[in-house]
Amino acid sequence: MKWGVVSFPGSLDDRDALWALRDVLGQDAALLWHKDEALGGAECVVLPGGFSYGDYLRCGAIARFSPIMKSVASFAADGGLVLGICNGFQILCEAHLLPGALTRNRSLAFVCDFVNLRVENAATPFTRAAHRGEMLRLPIKHGEGCYVAPEDELRQLEERGQILLRYVDERGEAADAANPNGSMRSIAGVANDRFNVFGLMPHPEHAVEAMLGGVAGRKIFESIAGAAR
Amino acid sequence: MRAKVFVTPRKGILDPQGRAVEGALKSLGFGAVGDVRVGRFVTLEIDAPSRAEAESAVRQICERLLANPNIEDFSFEVDPG
């Protein structure tokens, strides 16, 4: 499967995502430059983590106006698969390709840790290699990952199954103490209502090799690779 | 013309910065302080033939970039000076 990973000025995890996809998972992946409009025939576009444009104004607010984002928006409108990780999630929210917004962590502190996540909906291109209720252990590293959305929007997200991942404790309960950033309803990852755009704060690309703390991140990439086949 | 834009966290949205500042103010003895919200202040120069047109442009600037309507409110003043 063909993947394109977008590099914005200030992206940090573009090369890690490329490594995970190409070198670890054997996918056909290439970097895309934010100033280009071509997506290089990618079947899935990845917006990586980092601090695009220094997080100036709001995280993702300026990157969303990069030339490539026009192509990403029309690609998504045509049903193309788009995955936003961390800053990529923030960019997708700013671009209105995903509902809601990501704000300063409740603690005001940058969090760098492993979290437990529960798969809430496994019938999507991003989670189909997992099963509903499965626990994934992935790393997080962010200062602004507190997911917020209006109450009626949250209700719709629940009803349509757009919440794909939640922060949970070791027993799989969405307890407040297991919520690392204050996200509403412990939301760690959401999809759009057509289920072809997905954003999450945790980093699957940093969890594809046992030596580096776990391989749970493979589930996300393997789901996508399977979906496009 | 000079515009001043004020962007603040929308009511009902948790503002941990505002809350931390409020706590600090209270511990300094300013017990009368409440509901502190921390936002952003932007000034910009805008070239427009009339004040109304400048205001309309600034409104669009706020809606498109300076504020995120999901989480923030904005207000602005245009000084024809």
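Report follows, based on the coordinates. Quick caveat: nothing in here was measured; it's all calculated off a predicted structure.

Notes on the sheet that holds strand β1 (residues 2–9) of chain B
Residues and elements named next belong to chain B.
Step number 1: Judged by pairing direction, the sheet is antiparallel, and its three strands sit side by side in the order β2-β1-β3 without closing on themselves. In this open sheet, the two strands that pair with only one neighbour each are β2 (40–45) and β3 (72–79). With strand direction ignored, the average angle separating the axes of adjacent strands in the sheet is 20°.
Step number 2: In this structure, β1 lies alongside β2, joined through six bridges in antiparallel fashion. Residue V5 lies in a different strand from β2, and its bridge partner there is V42.
Step number 3: Contacting β1, β2 and β3, helix α2 (residues 51–66) crosses the sheet at an angle of about 155° to β3.

As for a nonpolar patch on the surface
All names here are of chain A.
Step number 1: Together, L12, F51 and F110 make up a nonpolar patch on the protein surface, roughly 300 Å² of accessible area in all.
Step number 2: In this fold, F110 is placed in the loop between β5 (101–103) and β6 (111–119).
Step number 3: Residue F110 is classed as partly exposed on the basis of its relative accessible area, which comes to 49%.

Thoughts on the interface of chain A and chain B
Step number 1: Taken together, the contact pairs 15 residues of chain A with 14 residues of chain B.
Step number 2: A buried area of about 1300 Å², summed over both sides, lies between chain A and chain B, and 65% of it is on carbon and sulfur atoms.
Step number 3: Run the count over chain A and chain B and you get one salt bridge.
Step number 4: Salt-bridge contacts for A:R58 lead to B:E72; the nearest nitrogen and oxygen are separated by 3.5 Å.
Step number 5: Across the side of chain A that touches chain B, the residue classes break down as seven nonpolar, three polar and five charged.

A word on helix α2 (residues 67–77) of chain A
All names here are of chain A.
Step number 1: Along α2, the positions that sit buried rather than exposed are I68, M69, S71, V72, F75 and A76. On an axial view of α2, the arc spanned by its buried residues comes to 155°, and they lie on one face. What points out from α2, more than 90 degrees from its buried face, is the exposed set K70 and A77.
Step number 2: Contacts from the buried residues of α2 go to β1 (2–7), β2 (28–33), β3 (44–47), β4 (81–85), α3 (87–94) and β11 (197–200).
Step number 3: Just past α2, the residue G79 takes up positive phi, approximately 95°.

Some words on the pattern of salt bridges
All names here are of chain A.
Step number 1: Scanning all chains against the criterion turns up 19 salt bridges over all chains.
Step number 2: In this structure, R166 engages E120 in a salt bridge whose closest nitrogen and oxygen atoms are separated by 2.5 Å. In this pair, R166 sits in strand β9 (residues 163–168) while E120 sits in the loop between β6 and β7 (135–142), placing the two residues 46 residues apart along the sequence.
Step number 3: Each of R118, E120, E151, E158, R166 and R185 takes part in a single network of salt bridges with overlapping partners.

A look at the nonpolar core
Step number 1: In terms of nonpolar packing, the biggest core is built from 70 residues, with A:W3, A:M69, A:L83 and A:Y147 touching the most fellow members.
Step number 2: Listed in part, the 14 residues of the second largest apolar core include B:V42, B:I46, B:A48 and B:A54.

Quick word on the sheet that holds β2(A)
Residues and elements named next belong to chain A.
Step number 1: Here we have nine strands laid out as an open sheet, ordered β2-β1-β3-β4-β11-β10-β9-β6-β7, and mixed in their pairing. At either end of the open sheet lies a strand with only one pairing partner, and these are β2 and β7. When the angles between neighbouring strand axes are averaged without regard to direction, this sheet yields 25°.
Step number 2: The pairing of β1 with β3 spans three bridges and is parallel. Bridge pairing in β3 places G4 opposite V45.

Concerning helix α1 (residues 16–27) of chain B
Step number 1: Its 12 residues give α1(B) an end-to-end C-alpha distance of 16 Å, which sits within 8% of 16 Å, the value for a rise of 1.5 Å per residue.
Step number 2: Note on α1(B): the residue one or two positions beyond its end, B:G29, has a positive phi of about 100°.

Parameters and conventions
- Residues numbered from 1 in each chain as written.
- Chains lettered and ligands numbered in written order.
- Predicted model: local features only at pLDDT ≥ 70, side-chain atom pairs only at ≥ 80, totals over all residues.
- Heavy atoms only, no water.
- Pairing = 2+ DSSP bridges.
- Helix = DSSP H or I, 4+ residues; strand = E, 2+ residues; numbered from the N terminus.
- Axes fitted to C-alpha atoms, helices over the stretch in contact; angles between N-to-C directions.
- Contact = heavy atoms within 4.5 Å.
- Patch = residues over 30% accessible without salt bridge, like charges linked within 9 Å, V, L, I, M, F, W, Y side chains within 5 Å.
- Areas by Shrake-Rupley, 256 points an atom, 1.4 Å probe, with all protein chains shown as cover.
- Salt bridge = Lys/Arg side-chain N within 4 Å of Asp/Glu carboxyl O.
- Buried < 20%, exposed > 50% of the residue type's maximum accessible area, 1.4 Å probe, protein only.
- Buried area = accessible area lost by both parts, 1.4 Å probe.
- Nonpolar A, V, L, I, M, F, W, Y, C, P; charged D, E, K, R; others polar.
- Arc of directions from axis to C-beta.
- Core = buried A, V, L, I, M, F, W, Y, C linked by side-chain atoms within 4.5 Å.
- Expected span 1.5 Å × (residues − 1).

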